[in-house]
Amino acid sequence: MNHSFLSHVISRGPSNDIAINGTIRERLMLQLVSAMCEGFFFGLYTALFAFSTFFTLRKGLSNRTRNSMLAISVVMYAISAIHWSLNFAIAIRSLRIGKFASTLLEALAAGYLTTINLILNDGIVLWRAWILWDRRVVLFILPFLFLVCTLVFTIVDVVFVTDGFITHSMRHVNTGSAFGVAVWCLTLGTNLWATSFMFIRAWQHRRFLRSVFDKENAKSKAEKTLAFLVESGAIYICIWVAFITMSACGSASVILLGNILIQLVGIYPTAIVVVITMRLSAADILSCPGGESHPYSTPIVFMPRSPTSQISEAGSNDSDTEDGRKMTTRQDL
């Protein structure tokens, strides 16, 4: 992911000395500062991961969806921890000896290991949007292709960069970097697609509530949860836009933002799990505002297709509503 750092390592080779000058010293200091900033966000990620794991284990491991999410969460956290530890160690070592000091394995791990998190995060975001849209496959064929292309382009990127490292060929490095930029654009497109459909769903839910209940009573926790999903997705997209723009402009600060973004890739889905679990739950989407105290406390669905559609109660993860609009319980999101 950090092609700027990899370019320095690959162009010089892992064993060649680099004389200390102003530019190199500034780059090394920037690498250290970015590792320290990444450490701050890793600490935040650690707290969120602890909360998320605690809440998940407290509910029990009898649900297959919950087990899958826990496994993915552990993998993403482990990768983020490895990246931060490795990045910090490389930065300290490089600054101490006055050159970019990294082996081939370290450079590839620091640059590409977190792409696994990127793909997992994109998959989670798409899955949530797919659930909210009643599992309509046709709506998510294009972003699914984006996800597949992200994986393929990452493999091609690693192959070219590895060959460039071994042969000291900057042409291969640049080719790999082009595929790397394509991966960034694909993940941006995936999140933009999923967040847009979440926004549409939130708008439909809001309009339905306004049509059934008065304005005062139609303010539900479900609406707040949907708003959080959309807003957090929008912020994540804006950060990606800034990162890609800075990379295109050749800004050295892209190293700083890139390392922070690596942690945000894990923080984004984990924060959503924590917020949903702490009572701002997607299960409230199925309930009328006011809960059991409300006179119309029967669970509801999004935008029934006809006025005669019944207000349906959600059962398990596999139950469907009468009008075919299946919603999800808290463990689904």
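To be clear, the structure that these remarks concern was listed above.
What this report covers is the structure whose coordinates are included nearby. (Residues numbered from 1 in each chain as written. Predicted model: local features only at pLDDT ≥ 70, side-chain atom pairs only at ≥ 80, totals over all residues. Heavy atoms only, no water.)

1. Description of the packing of helix α4 (residues 104–112) against helix α6 (residues 141–167)
The cut-off we apply is this: Lines are fitted to the C-alpha atoms to define the axes, a helix being fitted only along its stretch in contact, and any angle between axes, read from their N-to-C directions, falls within 0 to 180 degrees. In this description a helix means any DSSP run of H or I spanning at least four residues, a strand means any run of E spanning at least two, and both kinds are numbered starting from the N terminus. These descriptions rest on fixed angle ranges, namely under 35 degrees for roughly parallel, over 145 for roughly antiparallel, 65 to 115 for roughly perpendicular, and the rest for oblique. Two helices cross in a left-handed way if the nearer one is turned anticlockwise from the farther one by less than a right angle. They cross in a right-handed way if the turn is clockwise. In this analysis, two residues are considered to be in contact whenever any of their non-hydrogen atoms come within 4.5 Å of each other.
Orientation of α4 relative to α6, taken along the N-to-C sense of each, is 150°, at an axis distance of 11 Å. As judged from the angle between their axes, α4 and α6 are roughly antiparallel. Viewed along their axes, α4 and α6 form a crossing whose handedness is right-handed. Here Leu-104, Ala-107, Leu-108 and Tyr-112 of α4 come into contact with α6, specifically with Asp-157, Val-158, Val-161, Thr-162, Phe-165 and Ile-166.

2. Considering the packing of α6 against helix α7 (residues 170–212)
Under the convention used in this document: Three classes are used: nonpolar for Ala, Val, Leu, Ile, Met, Phe, Trp, Tyr, Cys and Pro, charged for Asp, Glu, Lys and Arg, and polar for all others, with Gly counted as polar.
Between α6 and α7, whose axes approach to 8 Å, the crossing angle comes to 160°. It follows from the interaxial angle that α6 and α7 lie roughly antiparallel. Regarding α6 and α7, the two cross each other, and that crossing is left-handed. In the contact of α6 with α7, the residues fall into 15 nonpolar, 12 polar and 2 charged.

3. With respect to the environment of Ile-119
Basically, it comes down to this: Each residue's exposure class comes from its accessible area (1.4 Å probe, protein chains only) as a fraction of the maximum for that residue type: buried when under 20%, exposed when over 50%, partly exposed otherwise.
By the element assignment, Ile-119 lies in helix α5 (residues 115–132). According to the relative accessible area criterion, Ile-119 is buried, its value standing at 19%. With 31 residues separating them along the chain, Ile-119 and Thr-150 place their C-alpha atoms 7.3 Å apart. If we ignore the near neighbours within four places in the chain, the residues touching Ile-119 are Leu-147, Thr-150 and Leu-151.

4. Some remarks on the nonpolar core
The line we're drawing: As used in this record, nonpolar core signifies buried Ala, Val, Leu, Ile, Met, Phe, Trp, Tyr and Cys residues forming a set joined through side-chain atoms within 4.5 Å.
In terms of nonpolar packing, the biggest core is built from 48 residues, with Met-198, Tyr-236, Trp-240 and Phe-243 touching the most fellow members. Those elements that provide at least two residues to this core are α2 (22–59), α3 (64–97), α5, α7, α8 (221–249) and α9 (254–277). In this structure Tyr-236 touches Leu-118, Asn-121, Asn-191, Leu-261, Leu-264, Val-265 and Tyr-268, once residues within four positions along its chain are discounted.

5. What to know about unusual backbone geometry
Despite not being glycine, Asp-134 shows a phi value in the positive range, around 60°. Mapped onto the secondary structure, Asp-134 falls in the loop between α5 and α6. Positive phi is not limited to glycine here, since Arg-135 has a value of about 60°.

6. What about the packing of aromatic side chains?
Using the following cut-off: Only the six-membered ring of Trp is used, alongside the rings of Phe and Tyr, when aromatic pairs are assigned; centres must lie within 6.5 Å, and planes under 30 degrees apart are stacked while those over 60 apart are edge-to-face, with the rest tilted.
Under the defined criterion, the tally for this structure stands at 17 aromatic pairs. For the pair Phe-42 and Tyr-77, a centre-to-centre distance of 5.4 Å together with 15° between the ring planes defines the contact as stacked. Of this pair, Phe-42 sits in helix α2 while Tyr-77 is found in helix α3, placing the two residues 35 residues apart along the sequence. Residues Phe-42 and Tyr-77 agree in their burial class; the two are buried.

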